[in-house]
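# Topology and contacts: notes
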Amino acid sequence: SSDIAANEATVDVTVADLHPDGIAEELGATAIRLDVRDEAQVAPAMRDLDVLVNVAGVGSTTSAVDCTPEEWDQVFAVNAKGVFLGTKFALPAMLEQQRGVIVNMASVGALIGLRDRAAYCASKGAVARVRTWSVARTPVPAGVSKSVPKTPTASHLPSAASTATLIRFVGP
């Protein structure tokens, strides 16, 4: 993996994706082929992380009426289940080492909804509201603090289409 200088520290960066090569090369990072829907692939990839950025996502361009159950399931499998699996397998080690950061990427669509994006908005809403908030309230060992996301309001909406929610676990 690549070393990237950040605040006088060195970090190893790994890009895990179905098609990681382009972005990994651009970042000078290690590439790992990973399907976030597959627990058997995700579990070993989440070992020994200090930072997890759950950013995998797929779109959908159908209304609630036109969306098929198969399309709904596929979008949720990547956008919501992928975040669930990454967090499920990264969090225990972070809690044990008493440090770590999880960033869950959602979308402004999670807050306001977008036309013809029923499954997409619902899946990103699951990430932003359910998964992120429930993890932020996970009990942590004594001496470990965590940042809980602020409740977003319309005034918090960025001009860009994506929003990130940060959950940070910090030891003494």
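The structure under discussion appears in the preceding block.
A short tour of the structure in this document, coming up. (Residues numbered from 1 in each chain as written. Predicted model: local features only at pLDDT ≥ 70, side-chain atom pairs only at ≥ 80, totals over all residues. Heavy atoms only, no water.)

Turning next to the environment of Ala119. As for its placement among the helices and strands, Ala119 is situated in helix α6 (residues 118–136). C-alpha separation for the pair Ala119 and Trp72, spaced 47 residues apart in sequence, amounts to 5.3 Å. The contact partners of Ala119, leaving out residues within four places of it in the chain, are Ser60, Cys67, Trp72, Val75 and Phe76. (Helix = DSSP H or I, 4+ residues; strand = E, 2+ residues; numbered from the N terminus. Contact = heavy atoms within 4.5 Å.)

Bringing the packing of aromatic side chains into the picture now. Summed over the entire model, instances satisfying the criterion amount to one aromatic pair. The interplanar angle of 25° and the centroid separation of 4.9 Å between the aromatic rings of Trp72 and Phe76 together place this pair among those described as stacked. Residue Trp72 and its partner Phe76 are both found in helix α3 (residues 69–79); the two are separated by four residues, about one turn of the helix. (Phe/Tyr/Trp six-rings, centres within 6.5 Å; stacked < 30°, edge-to-face > 60°.)

Another point: helix α4 (residues 81–97). When the terminal C-alpha atoms of α4 are compared, their 25 Å separation across 17 residues agrees well with the 24 Å that a helix rising 1.5 Å per residue should span. Helix geometry: α4 is bent most strongly at Ala90, by close to 30°, with proline Pro92 lying one to four residues after it. Among all positions in α4, only Gly82, Val83, Leu85, Gly86, Thr87, Ala90, Leu91, Met94 and Leu95 are buried. Looking one or two residues beyond α4, the residue adopting positive phi is Gln98, at roughly 60°. (Expected span 1.5 Å × (residues − 1). Bend = angle between axes of the 7 residues up to and from the residue. Buried < 20%, exposed > 50% of the residue type's maximum accessible area, 1.4 Å probe, protein only.)

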